[in-house]
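Each chain is listed here by its residues.
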Amino acid sequence: MKKLISAMALVVALLSTACSGGGNTAPAPREAAAPTTDTAYCGTYQGTLPAADCPGIKTVLTIAADSTYTLSSQYIDRQAQPVVTSGVYHLKQGGKLIELVTPSSGEKTYYKIKDAKSIVMTDSAGIEPQGPTAKFYVLKR
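Every value quoted in this text rests on a predicted model; they were computed, and no experiment measured them.

1. Remarks on the nonpolar core
Nonpolar side chains in soluble globular proteins tend to end up buried together. In this structure, Y41, L61, I63, Y89 and L100 are the most contacted members of the largest nonpolar core, which totals 16 residues. Counting residues per element, the ones that place at least two in this core are β1 (43-49), β2 (57-63), β3 (68-75), β5 (97-101) and β6 (108-115). Sort the elements by how many residues they give to this core and β2 lands first, with three residues. Setting aside its immediate chain neighbours within four residues, Y41 contacts I63, Y89, L91, I98, I113 and R141.

2. Considerations on the confidence of the model for the protein chain
Per-residue confidence for the protein chain gives a mean pLDDT of 79; residues scoring 70 or more make up 74%. Residue range residues 1-36 is modelled with pLDDT below 50. Its contacts to residues more than four positions away, or to other chains, number zero contacts.

3. Side note on the packing of aromatic side chains
Any aromatic ring pair is given by two values, namely how distant the centres are and how the planes are angled relative to each other. For the structure shown, the criterion picks out one aromatic pair. On the basis of an interplanar angle of 90 degrees and a centroid distance of 6.1 Å, the ring pair of Y41 and Y89 is categorised as edge-to-face. On the criterion of sequence distance, the pair formed by Y41 in the loop between α1 (2-20) and β1 and Y89 in strand β4 (residues 83-92) is long-range, its members being 48 residues apart. By the burial criterion, Y41 is buried, and Y89 matches it. Over the aromatic face of Y75 sits the side chain of R78, whose NZ or CZ is 4.9 Å from the ring centroid.

4. Some thoughts on the pairing of strand β7 (residues 118-122)
Most of β7 sits out of view: four of its five residues are buried. Pairing of β6 with β7 involves five bridges; the strand directions are antiparallel. Across the sheet, the residue bridging to Y110 is T122, located in β7. In textbook terms, the turn of a hairpin is the stretch between consecutive antiparallel strands, and for β6 and β7 this stretch comprises two residues. Bridge analysis of β7 against strand β8 (residues 138-140) gives three bridges, and the strand direction is antiparallel. Looking at β8, one finds that I119 is bridged to L139.

5. A few points about the environment of I63
Examined against the element boundaries, I63 turns out to sit in strand β2. We classify I63 as buried; its relative accessible area is 3%. Setting aside chain neighbours within four positions, we find I63 in contact with Y41, C42, G43, Y45, T68, Y69, Y89, I98 and L100.

6. Considering the side chain of E99
Mapped onto the elements of the fold, E99 is located in strand β5. In this structure the side chain of E99 is engaged in a polar contact, spanning 2.8 Å, whose partner is the side chain of Y110.

7. Let's talk about the pattern of salt bridges
Inspection of the entire model under this criterion finds five salt bridges. D53 is the partner of R78 in a salt bridge, and the nearest nitrogen-oxygen pair spans 2.8 Å. Of the two residues, R78 sits in the loop between β3 and β4 while D53 sits in the loop between β1 and β2, which places them 25 residues apart along the sequence. Two residues, K114 and E128, come together in a salt bridge whose shortest N-O distance is 3.2 Å.

Rules and cut-offs
Residues numbered from 1 in each chain as written. Predicted model: local features only at pLDDT ≥ 70, side-chain atom pairs only at ≥ 80, totals over all residues. Heavy atoms only, no water. Core = buried A, V, L, I, M, F, W, Y, C linked by side-chain atoms within 4.5 Å. Buried < 20%, exposed > 50% of the residue type's maximum accessible area, 1.4 Å probe, protein only. Helix = DSSP H or I, 4+ residues; strand = E, 2+ residues; numbered from the N terminus. Contact = heavy atoms within 4.5 Å. pLDDT = per-residue confidence, 0-100. Phe/Tyr/Trp six-rings, centres within 6.5 Å; stacked < 30°, edge-to-face > 60°. Lys NZ or Arg CZ within 6 Å of the ring centre and 35° of its normal. Pairing = 2+ DSSP bridges. Polar contact = N/O pair within 3.5 Å; in protein donor to acceptor, adjacent residues only side chain to side chain. Salt bridge = Lys/Arg side-chain N within 4 Å of Asp/Glu carboxyl O.

This is how it looks when you write it as C-alpha cells:
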C-alpha cells in the first residue's frame, strides 16, 4: 500500500511540475508547417501501354491534388468503350513513386515520376521496364 501511495504522489508531483509552466498558461506559438507535398506531378497523362493479345491499351490517367485518380483503359480492337476506374493514390519513395489503389479490389498499380511531363509504369519497387519495349510504358502529358 505504501508503494502505491508513493507512486501516486510521484505522478501528482510530476504532473503539477509539468503543468505549472511558471504562471504563463498560454501555449507557445507554433510555426506554420510548410507543405510537404509538391503537386507538380498532378495532371493528365496518356499513352498506349503494351498488351500481349492486342495492339495495346489506350490509357489516360488523371492524378488530382486531393490524392485521388481516374484511370481510363481501353484495349485496342477488343473494347468499344474504355473501362474507367477511380480511387486513391499514395506517394512512395520520397514522392517519386505513385501507388494507385483501386478501392473495390485493393489492386495496386505503380507509376514513377520521370520528369515534369512524363510518368512510367513500374513494379512495386519502382523498377522500370527494360529492353526494347520499355518506351511503351511511358505516359505523357
